[in-house]
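Residue-level structure breakdown
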Amino acid sequence: MPVPTPETQESTADTSLMGYDRKGAARNRTSLFAAAGLEWPDGMVMECDLGRFTDYPFSVDVSNNRLLAALDRSGQVRRAVTAVGLDDVRGKTIPGVYVYKKMAFCQGHMGLQVSCHGRRSQSPALSFIDDLIPVFDASIDGLHSRTTVFVPQQGGRRPLSLIQLCRLTNKGSGPVDVDLSTLTSVRGKDGTAPLPLSVNLLDDHPKSQDRIDRDASKPDIPLQGTGRIHLEAGESQDVAAILDFSEDRRNLTTYASIQDCRKALEETLDARRNNLGRLTIPEDPWYGELVTRSAELARQSLLLLDDGRAAGSFWGSNANPLPDVWTRDFGYCAMGLVDSNPDLANPMIEFLAQYGIPEQAWEREARMHPDASGFEHSLGNSCLAVVLASMLMHRYGAKALHVNQVVFSDYIRRLASDLIAKRPEPGRLYETLYISDGPSRGDYHTGSNILAWKAAKAMAEDFTDLLDEDQAEQLGSIANQLRRSLHDECVQTIDGMPMYVEGANEDGTIIGVHDGEESDLTLASVYGFASRDDERIRNHAIWAHSTSDPYYAPVTGGIDFWDFDDSNGITYPGHIHGLCRANTREELNRSLLELRKTTDLDGSFWWWPFEHAEQDPTRVKRGLGKCGWCAGEFVSFFLHDIMGIERDQDTRSIKVAPYTPWRSFTWEGLAFCGGTIDFGQDGNTLHFTNRTNETLHVSLQIAMQPNTMLEDVTLNGESRRYQANVLHLHDGSAVRVEEEVTPGTSIHLQIKTR
């Protein structure tokens with residue numbers, strides 16, 4: 001949609017379904033997070049200093065991946081962080097962390113303050129422009145303020161600046177004077193470099209500009225800039241605060257006027273929209289918003305250095321100032337970028353290639369398995385880079401992968417050598433020590449071996465130019481062997497249901513638990529290992545979310561990670577795995593509703609939504625950090641398993657096969673073949689538009705309602721009854737038709753049932 005003008009934004013916030021209202025309640029949403037509170041602690045308590053029993057503060061986060069900032073409910077900046085370097089700590093710290101990021105950081109109260117008659121609004125309403133850029137609306141008597149907050153990205157430039165662009169409107173019957181100030185009460189944190197700050201206050205009249213520079217040597221002295229504007233009844237005026245966190249003052253991106261800020265907003269929105277496009281669901285818009293917000297959470301969890309290389313990630317976008325980069329968290333965040341932001345996915349793939357395989361295993365499991373290699377430390381982490389690279393190439397073509405060739409080639413050759421050297425005997429699987437920091441349960445961990453299968457297959461098919469011919473052949477053979485062995489070793493019948501299990505032992509016994517942080521079985525269909533309605537995966541998810549699983553929490557419906565202090569037991573990846581239980585539209589709707597009830601007011605997932613022994617399912621908490629892992633995982637799962645999208649740019653082929661709880665939706669602007677495609681469904685009609693310059697081979701598939709009889713199939717009104725394929729999907733049948741679609745052409749598939 002076009003960038004809203006200040007006038008059109010007025011109605012946007014009033015009708016948005018995302019966010020909270022002036023009383024702090026969730027607006028038109030099924031969310032229980034309002035009960036957790038929205039206020040920050042007094043005294044500028046550091047988030048990482050909060051007790052593990054305390055909910056973390058609510059935040060709305062903005063980032064251009066160089067600078068990340070967390071905003072409070074009023075749009076004030078409470079934390080800002082940027083990466084200045086990284087350290088390789090493989091073998092030196094906890095087993096799931098391979099890299100420490102070096103950061104410059106500050107926390108406090110930063111930003112534009114608006115007051116009228118000596119009063120400030122404390123409870124603004126939150127909305128988003130295109131679900132991307134936060135907007136805070138507030139009223140003080142007759143004065144209305146609308147503040148748009150963003151970290152600009154203009155083409156390839158990612159300045160270390162934050163802009164608060166505010167439109168002030170006098171809705172009263174008489175004139176009013178508005179006082180403006182910039183609050184910059186900040187402090188740093190031990191272990192991080194101090195993040196410098198300067199503030200520029202702008203309005204439409206240059207005489208009102210006031211520049212304030214903080215002396216980094218005196219971080220505890222609050223500084224304020226002030227200004228005053230006069231508004232007649234009905235008059236509006238724009239003001240802005242520019243917060244600049246650059247240490248190098250010589251090459252600043254400057255914003256000297258309100259017009260500069262507006263232009264930066266438009267360019268930032270263009271950059272944010274990127275490749276995912278926009279999903280609209282008329283009967284329930286919230287889920288369309290959630291897809292975009294999840295892509296943003298995954299993206300904002302990742303940081304770049306000033307040279308464009310990846311610096312690592314946080315747990316989520318709320319930017320705790322801890323140096324840890326959890327390799328598995330990083331990988332799933334990057335997976336979300338494969339669909340939503342492929343350009344940004346490239347440095348993340350390069351990072352995983354450079355650091356994903358340690359020289360040797362370490363920590364507690366390695367002490368029990370002293371012969372384990374670095375490759376075996378975490379089989380899944382070792383394979384992530386090539387898995388994501390293959391996914392990226394198939395969606396956008398081989399040219400879309402532009403990583404450091406020396407780093408990536410060395411990684412491919414090492415991984416190939418490790419997979420071949422450790423090749424298991426027929427009927428056996430790879431052994432591994434860890435998933436992330438938690439142990440890989442059983443001699444043969446199912447999810448890790450699915451990733452190994454995908455890696456071997458990808459190298460044998462997509463990266464043969466980096467391998468010897470014999471290596472490629474062996475890897476193809478290994479992939480075939482792993483698929484057979486996974487079925488033979490890791491599928492068991494439990495409680496009368498055939499299912500994949502968490503892991504299996506060499507003696508034939510199985511692991512009778514689901515680890516809440518195992519996500520590769522959840523993503524098995526995304527990887528191409530299984531169909532999205534594979535009953536063995538579905539049965540495992542049903543079993544994992546039942547009292548048969550000793551880690552299942554029946555009150556909250558979550559999966560426990562056996563935390564050591566009972567405060568943060570339920571871990572969010574188990575909630576995503578719950579989506580695999582669905583075999584009907586009603587079941588899928590219920591599984592999505594479980595996510596909705598634990599999604600924060602800005603559309604974020606948190607890592608630990610419930611205490612270990614929680615007895616009240618409405619007492620949702622903000623535990624330990626936002627969950628970028630699940631955000632990236634959800635984007636991939638939603639697009640592939642729920643919308644049924646499969647793309648291969650090299651063959652110019654795309655499949656659209658939705659299975660959704662909604663009878664009507666549209667998805668506009670999904671990137672493919674150098675352009676975009678639109679698709680959507682309205683009852684028994686599925687439409688598709690080719691907005692590329694290529695002729696596409698398109699497969700359209702409509703899932704029939706259960707207990708209905710197929711009477712006719714038409715494509716653009718012409719019968720395709722005899723050309724259509726009818727196949728089984730979930731609880732019924734689906735009808736598929738294939739067609740060559742030329743550039744600029746639309747087609748629609750329609751079925752008639754009774």
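Keep in mind it's a predicted model, so treat the numbers as computed, not measured.

**Description of the pattern of salt bridges**
One pass over the full model with this rule turns up 37 salt bridges. Two residues, Asp307 and Arg309, come together in a salt bridge whose shortest N-O distance is 2.7 Å. Taking relative accessible area as the criterion, Asp307 reaches 47% and is therefore assigned partly exposed. Judged by its relative accessible area of 38%, Arg309 is partly exposed. The partner of Asp534 in a salt bridge is Arg536, with the nearest N and O atoms 2.8 Å apart. By relative accessible area, Asp534 is classed as buried at 9%. Overlapping salt bridges, with partners in common, bring together Asp61, Asp602 and Lys626 in one network.

**What to know about helix α8 (residues 379–396)**
The first and last C-alpha atoms of α8 sit 27 Å apart over 18 residues, in line with the 26 Å expected at 1.5 Å per residue. Along α8, the sharpest change in direction is near 35 degrees and occurs at Ala385. Of all 18 residues making up α8, 17 are buried, and the element is well covered by its neighbours.

**Describing the pairing of strand β32 (residues 710–715)**
Across 5 bridges, β32 lies against strand β36 (residues 746–753) in antiparallel orientation. Residue pairing across strands places Asp712 opposite Lys752, the latter belonging to β36. In the sheet, β32 pairs with strand β33 (residues 718–719) via 2 bridges, with the strands oriented antiparallel. When the sheet's bridge partners are listed, Leu715 is paired in β33 with Glu718. Hairpin connection of β32 to β33: 2 residues between the antiparallel strands, including Asn716 at a positive phi of 55 degrees.

**Side note on the packing of helix α4 (residues 327–340) against helix α5 (residues 342–355)**
At a minimum axis distance of 8 Å, the contact between α4 and α5 shows a crossing angle of 150 degrees. With respect to α5, the axis of α4 lies roughly antiparallel. Of the two possible hands of crossing, α4 and α5 adopt the one that is left-handed. Facing α4, whose interface residues are Thr327, Phe330, Gly331, Ala334, Leu337, Val338 and Ser340, α5 presents Pro342, Leu344, Ala345, Met348, Phe351 and Leu352. Taken together, the residues that form the contact of α4 with α5 break down as 10 nonpolar, 3 polar and no charged.

**Regarding the sheet that holds strand β35 (residues 732–741)**
Spatially, β26-β27-β31-β35-β34 is the arrangement adopted by the 5 strands of the open sheet, whose pairing is mixed. Only two strands of the sheet have a single neighbouring strand rather than two, namely β26 (645–648) and β34 (725–729). Strand-to-strand twist in this sheet, taken as the mean axis angle between neighbours without regard to direction, amounts to 20 degrees. Sheet topology note: the β34/β35 ladder contains 5 bridges and is antiparallel. The residue of β35 that forms the bridge with Val726 is Val735.

**Here we look at a negative patch on the surface**
On the surface, a cluster of negative charge is made up of Asp468, Glu469, Asp470 and Glu473. Inspection of the secondary structure assignment puts Asp468 in the loop between α10 (446–462) and α11 (469–490). According to the relative accessible area criterion, Asp468 is exposed, its value standing at 53%.

**Some words on the sheet that holds strand β15 (residues 278–280)**
Within a sheet, adjacent strands bond to each other through the backbone by hydrogen bonds, running parallel or antiparallel. Reading across from one edge, β15-β28-β29-β30-β36-β32-β33 is the order of the 7 strands in this open sheet, with antiparallel pairing throughout. Looking at strand neighbours, the two that pair on one side only are β15 and β33, the edges of this open sheet. Relative to strand β30 (residues 685–691), strand β29 (residues 675–682) is paired through 7 bridges, and the arrangement is antiparallel. Paired with Phe679 across the bridge in β30 is Phe688.

**A word on the pairing of β26**
One ladder, built from 4 bridges, connects β26 with strand β27 (residues 653–656); its direction is antiparallel. Bridge assignment links Glu646 to a residue of β27, and that residue is Lys655. In this structure, the hairpin formed by β26 and β27 is closed by a connection of 4 residues, where Arg652 is found at a positive phi of approximately 55 degrees.

**Brief notes about the environment of Arg146**
Along the polypeptide, Arg146 turns up in strand β7 (residues 143–150). A residue is classified by how much of its surface remains accessible, and Arg146, at 5% relative accessible area, is buried. Separated by 21 residues in the primary sequence, Arg146 and Arg167 have C-alpha atoms spaced 5.2 Å apart. In this structure the side chain of Arg146 is engaged in a polar contact, spanning 2.8 Å, whose partner is the side chain of Asp137.

**So, α4**
When the terminal C-alpha atoms of α4 are compared, their 20 Å separation across 14 residues agrees well with the 20 Å that a helix rising 1.5 Å per residue should span. Burial of α4 is extensive: 14 of the 14 residues sit out of reach of the surface.

**Side note on unusual backbone geometry**
For Asn65, which is not glycine, the phi torsion reads 75 degrees and is therefore positive. By secondary structure assignment, the location of Asn65 is in the loop between β1 (60–63) and β2 (67–71). Relative accessible area serves as the criterion here: at 0%, Asn65 is assigned to the buried category. One non-glycine residue, Asp130, lies in the positive phi region at around 55 degrees.

**So, the confidence of the model for the chain**
Residues with a pLDDT of 70 or more make up 89% of the chain, whose mean pLDDT is 90. Confidence over residues 1–17 falls short of pLDDT 50; this stretch has 32 contacts with residues more than four positions distant or in other chains. Note on residues 207–224: pLDDT under 50 across the span, and 43 contacts to partners over four residues away in sequence or across chains.

Criteria and cut-off values
- Residues numbered from 1 in each chain as written.
- Predicted model: local features only at pLDDT ≥ 70, side-chain atom pairs only at ≥ 80, totals over all residues.
- Heavy atoms only, no water.
- Salt bridge = Lys/Arg side-chain N within 4 Å of Asp/Glu carboxyl O.
- Buried < 20%, exposed > 50% of the residue type's maximum accessible area, 1.4 Å probe, protein only.
- Helix = DSSP H or I, 4+ residues; strand = E, 2+ residues; numbered from the N terminus.
- Expected span 1.5 Å × (residues − 1).
- Bend = angle between axes of the 7 residues up to and from the residue.
- Pairing = 2+ DSSP bridges.
- Axes fitted to C-alpha atoms, helices over the stretch in contact; angles between N-to-C directions.
- Parallel < 35°, antiparallel > 145°, perpendicular 65-115°, else oblique.
- Left-handed = near helix turned anticlockwise from the far one by under 90°.
- Contact = heavy atoms within 4.5 Å.
- Nonpolar A, V, L, I, M, F, W, Y, C, P; charged D, E, K, R; others polar.
- Patch = residues over 30% accessible without salt bridge, like charges linked within 9 Å, V, L, I, M, F, W, Y side chains within 5 Å.
- Areas by Shrake-Rupley, 256 points an atom, 1.4 Å probe, with all protein chains shown as cover.
- Lys, Arg positive; Asp, Glu negative; His and termini not counted.
- Charge placed at Lys NZ, Arg CZ, Asp CG, Glu CD.
- Polar contact = N/O pair within 3.5 Å; in protein donor to acceptor, adjacent residues only side chain to side chain.
- pLDDT = per-residue confidence, 0-100.

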